[in-house]
Amino acid sequence: MTRNGTGGRIGEYERLRNLDWEPKSVRFEDTVLEPTKYDLPKHGYDPFRLTAIEYCAMEQQKDNDLYGLLEGAVRHGAATKIEQRFGEYVKLVAAMLPPAEHYAHRTFGRAVRSIPVPELQAGYSFQMLDEMRHFQMEMQCWNRFRIKHNYPDPYGFDRWPNMWARNIVGDVFRSGVENFITNDPISNLVYLQMFGETAATNALFVALPDIAATNGDDVYATCGLSIQSDEARHMANGYATLMSVVEASDRNVELLQEDIIWAAWREFTTFSLPIAFVYENGAKRRGRRSALELWEQYVLDQFYGSYMGKLEKWGLKVPDEMIADMHEWMRWGPSTLGVFAQMVWPFLWWRQEPLDDADFEYYENKYPGWYERFGVIHQLINETSGRGNGTLVTLEGLGLLGKTLQLCQVCHMPTILPHPMIGAEEYRRFVKKPGLNGEAGETKIVTFCSKWCEQIYDREPHRFQTPGYFNHYADWQLGDLLRDQELIRPDGKLIGQPRLDTLGTDDMWTIDDIDAFGIPFSMSLSEEDLSDPLIPHAAQ
Amino acid sequence: MTADVKDSNWVGFKLIDGADMGDIVDLILDDNPAAKAELMGGGYWELDAEDELVVDLEKISDLLERPFDEKDFLVYVSSYYGRVSVEDGAIRLLSDMLMVADYEREAVR
């Protein structure tokens, strides 16, 4: 097997590869936790040629660097100096990412026991430890640092277990991250390593730190860059997995193509689009590049152009039409999700802020035509954000959108992308599908953001049978919904807020304000709605 | 390739900035004359080149007057794109797709 020399790093790695053995005390098949649908080679390769002793030294140095910075940040009161618009959005990131790291940790424990290729198992083992390191770093730097060290409004950094579990935006992320652990072991890695880590994490852990630093949050920035230094190795693990299965059989290539189409869209709705939403909506002081420009550079050029494009010689390809849809959604989607977040602010656990003239100028400069599409909407959001103004933006928004606003049964995104009133009707699909749990012939209405999610549903409908958020809370009073979601602060009154400038004043909204509206929350679609021309959708 | 995606042979690192990183980037640019580098606001360098980018670790060690090997460099590699090969005394990024047999050769190129 070995053709390399015996000295130096390469020689040492090859010597370790040759220590592989076949156990005689147990049958080989009994050492495998669960089989994969893919054919596996006997050996693979780690491009980093990493050994455990090097891994430990490297990670120790990274932790020394990070926690040294954290100590200094505590001493100079860094948590008090964070621009609050960004600081509040960290409450969202800090609720979503640590559980995702935990899911990834479990994935790689499973991968080690399910993919018996020694070189890959070594990389998966290190990655399993990385993911737990990331969980600990994020809890320290994003949650505990702010709770313990005088961030102006620490409520929300302790809300991660519940918000991850069933919140209207938490559902988006959790449903995507469950794909880390609920598929074939190799399919999981196509999704997590090849698309999640290689395509998306540059935006999450490199571009977002850029915005964090610009908005006074150096702890977030350094934590992100340190995490991403592990992701660099995870990208190599993903590449090692890919080349191992591509070489093993032609049948693998067919399986890979199916997984690539699924993983590309699920990555986009779980990571790329939500990250761009946080990047644009969390920034008070703006970066030089827009989320769209970063996505074009990091994902279109550096992932699809210099990586996925080179897989076409094996017949592996993301459909052109899907990439074109991603591009269109990335142009308007972050702003649409920003409007959605402002509209459903009582359902969320962080404080938001209406956009100002500087924001309008930035958006129009980076996204020409933006003001025409979003300007009036943001004026309405601003006018309805003050407590006691007589209305609530949630009700105003529902009045405008009606039942066109549904949640996708696959990705849980609102069905108003790429823009609530321009183009969304060409993408969303409201259709009847066979019910899987009832009697033969029974159908149910299922809502999708796009045909891509409908295709994912049709591939494995049994995965998506749980009632969605709107069906679960059909006809509930809005205040009761907030109580059920545990969105009321410990004082028993205060809730999420649509403004930053009311902190500590009597102008903060309370649950009593919401109860006073007394309107049931009713968004479920009926059969008549499917053909209603006022509820336009592509399936019509 | 599509209207949205152009075939690319570019490769690159994103390197965490620090006390020595500016000097290290200068050295890498000397060794890779066609490469380009930019320090970004978040405290990291974008270092890109077409086809290939080679980091000579022995030269960095001489520059810093202390041992500096692969694992020391990887502490500061926040991300990369292209195909990576960590070798004796060097780290190399290539635009070519490398397979297991390529890595098993004496040198990947």
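Heads up: the structure comes first, above all this text.
Bear in mind the structure is a predicted one, so any value in this text is a computation, not a measurement. (Residues numbered from 1 in each chain as written. Chains lettered and ligands numbered in written order. Predicted model: local features only at pLDDT ≥ 70, side-chain atom pairs only at ≥ 80, totals over all residues. Heavy atoms only, no water.)

Draft legend 1. Representation of the overall build of chain A in the model. For chain A, the helix and strand inventory stands at 19 helices and four strands. Its C-alpha atoms give chain A a radius of gyration of 24 Å, within 12% of the compact-globule value 24 Å for 540 residues. The C-alpha extent of chain A, read off along each of the three principal axes, is 75 × 65 × 45 Å. Counting only residues that meet the buried cut, chain A has 60% of its 540 residues in that class. In chain A, the proportion of contacts linking residues at least 24 apart, taken out of those at least 6 apart, comes to 78%. A total accessible area of about 19900 Å² is found for chain A, and carbon and sulfur atoms account for 52% of it. Of the charged side chains in chain A, 53 are positive and 78 negative, and the gap between their average positions amounts to 4 Å. (Helix = DSSP H or I, 4+ residues; strand = E, 2+ residues; numbered from the N terminus. Rg over C-alpha atoms; globule rule 2.2 N^0.38 Å. Buried < 20%, exposed > 50% of the residue type's maximum accessible area, 1.4 Å probe, protein only. Contact = heavy atoms within 4.5 Å. Areas by Shrake-Rupley, 256 points an atom, 1.4 Å probe, with all protein chains shown as cover. Lys, Arg positive; Asp, Glu negative; His and termini not counted. Charge placed at Lys NZ, Arg CZ, Asp CG, Glu CD.)

Draft legend 2. Up close: the sheet that holds strand E6 (residues 83-87) of chain B. Residues and elements named next belong to chain B. In spatial order, the strands read E4-E7-E6; together these three strands make up an open sheet with antiparallel pairing. Two strands bound the open sheet, and with one partner strand each, they are strand E4 (52-56) and E6. When the angles between neighbouring strand axes are averaged without regard to direction, this sheet yields 10 degrees. Examined bridge by bridge, E6 and strand E7 (residues 90-94) share five bridges and lie antiparallel to one another. Of the residues in E7, the one forming a bridge with Glu 87 is Ala 90. (Pairing = 2+ DSSP bridges. Axes fitted to C-alpha atoms, helices over the stretch in contact; angles between N-to-C directions.)

Draft legend 3. Geometry of the interface of chain A and chain B. Counting residues at the interface gives 57 residues for chain A and 45 residues for chain B. Carbon and sulfur atoms make up 56% of the surface buried where chain A meets chain B, a total of about 4500 Å² over both sides. Where chain A meets chain B, there are four salt bridges. When the shortest N-O distance is used, the salt bridge between Arg17(A) and Glu104(B) registers 3.0 Å. The interface formed by chain A and chain B contains 23 residue pairs in polar contact (both at pLDDT 80 or more). For the side of chain A that touches chain B, the secondary structure elements donating two or more residues are helix H1 (8-17), helix H2 (52-75), helix H7 (185-214), helix H8 (218-248), helix H10 (291-305) and helix H11 (320-343) of chain A. No other element matches the 11 residues that H8(A) contributes to the side of chain A that touches chain B. Residue composition of the side of chain A that touches chain B, by class: 25 nonpolar, 16 polar and 16 charged. (Buried area = accessible area lost by both parts, 1.4 Å probe. Salt bridge = Lys/Arg side-chain N within 4 Å of Asp/Glu carboxyl O. Polar contact = N/O pair within 3.5 Å; in protein donor to acceptor, adjacent residues only side chain to side chain. Nonpolar A, V, L, I, M, F, W, Y, C, P; charged D, E, K, R; others polar.)

Draft legend 4. Representation of the sheet that holds strand E5 (residues 77-81) of chain B in the model. Read from one edge to the other, the open sheet built from four strands follows the order E2-E3-E1-E5 (chain B), with strand pairing classed as antiparallel. One side of each edge strand has no neighbouring strand; the edge strands of this open sheet are strand E2 (36-40) and E5 of chain B. Geometrically, the sheet is characterised by an average inter-axis angle of 15 degrees between neighbouring strands, direction not taken into account. Of the strands in this sheet, strand E1 (10-16), strand E3 (44-50) and E5 of chain B touch H8(A), which is tilted by about 35 degrees from E5(B).

Draft legend 5. The arrangement of H2(A) in detail. The terminal C-alpha atoms of H2(A) lie 35 Å apart, and with 24 residues this matches the ideal 34 Å at 1.5 Å per residue to within 8%. Against the buried residues of H2(A) lie H1, helix H4 (118-148) and H8 of chain A together with helix H3 (70-74) of chain B. Gly77(A) lies just past H2(A) and shows a positive phi near 65 degrees. (Expected span 1.5 Å × (residues − 1).)

Draft legend 6. Highlighting the environment of Glu383(A). With respect to the secondary-structure elements, Glu383(A) resides in helix H13 (residues 370-383). Placed 29 residues apart in sequence, Glu383(A) and Pro354(A) show a C-alpha to C-alpha distance of 9.1 Å.

Draft legend 7. Just the pattern of salt bridges, in detail. Residue and element names in this part refer to chain A. By the definition in use, this model includes 60 salt bridges over all chains. One salt bridge connects Glu 12 with Arg 15, and the closest N-O pair in it is separated by 3.0 Å. On the criterion of helical spacing, the pair formed by Glu 12 and Arg 15 is a turn pair, its members being three residues apart in helix H1. On the accessibility criterion, Arg 15 (45% relative accessible area) is partly exposed. Here Lys 62 and Asp 230 are joined by a salt bridge, their closest N and O atoms 2.6 Å apart.

Draft legend 8. Representation of the packing of H4(A) against H7(A). Residues and elements named next belong to chain A. In contact at an axis separation of 15 Å, H4 and H7 are set at 35 degrees when each is read in the N-to-C sense. As for the relative orientation of H4 and H7, their crossing is left-handed in sense. Counting all contacts with H4, which are made through Tyr 124, Gln 127, Glu 131, Glu 138 and Trp 142, the residues of H7 involved are Leu 189, Gln 193, Glu 197 and Phe 205. (Left-handed = near helix turned anticlockwise from the far one by under 90°.)

Draft legend 9. Here's a closer look at a negative patch on the surface. Together, Glu58(B), Asp62(B), Glu65(B) and Asp88(B) line one region of the surface with negative charge. A residue is classified by how much of its surface remains accessible, and Asp88(B), at 39% relative accessible area, is partly exposed. (Patch = residues over 30% accessible without salt bridge, like charges linked within 9 Å, V, L, I, M, F, W, Y side chains within 5 Å.)

Draft legend 10. The arrangement of the pairing of E7(B) in detail. All names here are of chain B. Of all five residues that make up E7, five are buried, and the element is covered over most of its length. Along E7, one buried face is formed by Ala 90, Arg 92 and Leu 94 and the opposite face, lined by Ile 91 and Leu 93, is buried too. Sheet analysis places E4 next to E7, joined by five bridges and oriented antiparallel. Considered in E7, the bridge of Asp 56 is made with Ala 90. If you look at the hairpin formed by E6 and E7, you'll find two residues sitting between the two strands, and Gly 89 has a positive phi there, around 75 degrees.

Draft legend 11. Quick look at the environment of Pro67(B). All names here are of chain B. You can see Pro 67 is positioned in the loop between helix H2 (57-64) and H3. For Pro 67, a relative accessible area of 70% puts it in the exposed group. Note: C-alpha distance between Pro 67 and Leu 57 (10 residues apart in sequence) is 9.2 Å. The contacts of Pro 67, once residues within four sequence positions are left out, are Ser 61 and Asp 72.

Draft legend 12. Layout of helix H12 (residues 357-366) of chain A. Residues and elements named next belong to chain A. Three or more residues of H12 are buried, namely Asp 359, Phe 360, Tyr 362 and Tyr 363. All buried residues of H12 lie within an arc of 165 degrees about the axis, which places them on one face of the element. Facing away from the buried surface of H12 by more than 90 degrees, the exposed residues are Asp 357, Ala 358, Glu 361 and Asn 365. Buried residues along H12 sit against helix H3 (84-114), helix H9 (250-281), H10, H11 and H13. (Arc of directions from axis to C-beta.)

Draft legend 13. The side chain of Ser385(A), seen in detail. Residue and element names in this part refer to chain A. Tracing the backbone shows Ser 385 in the loop between H13 and helix H14 (393-401). Residue classification places Ser 385 among the buried residues on the basis of a relative accessible area of 2%. Polar contacts involving the side chain of Ser 385 include one to the side chain of Arg 499, which spans 2.7 Å. Those residues within four positions of Ser 385 in sequence are excluded, and the remaining contacts are Pro 354, Pro 498, Arg 499 and Trp 509.

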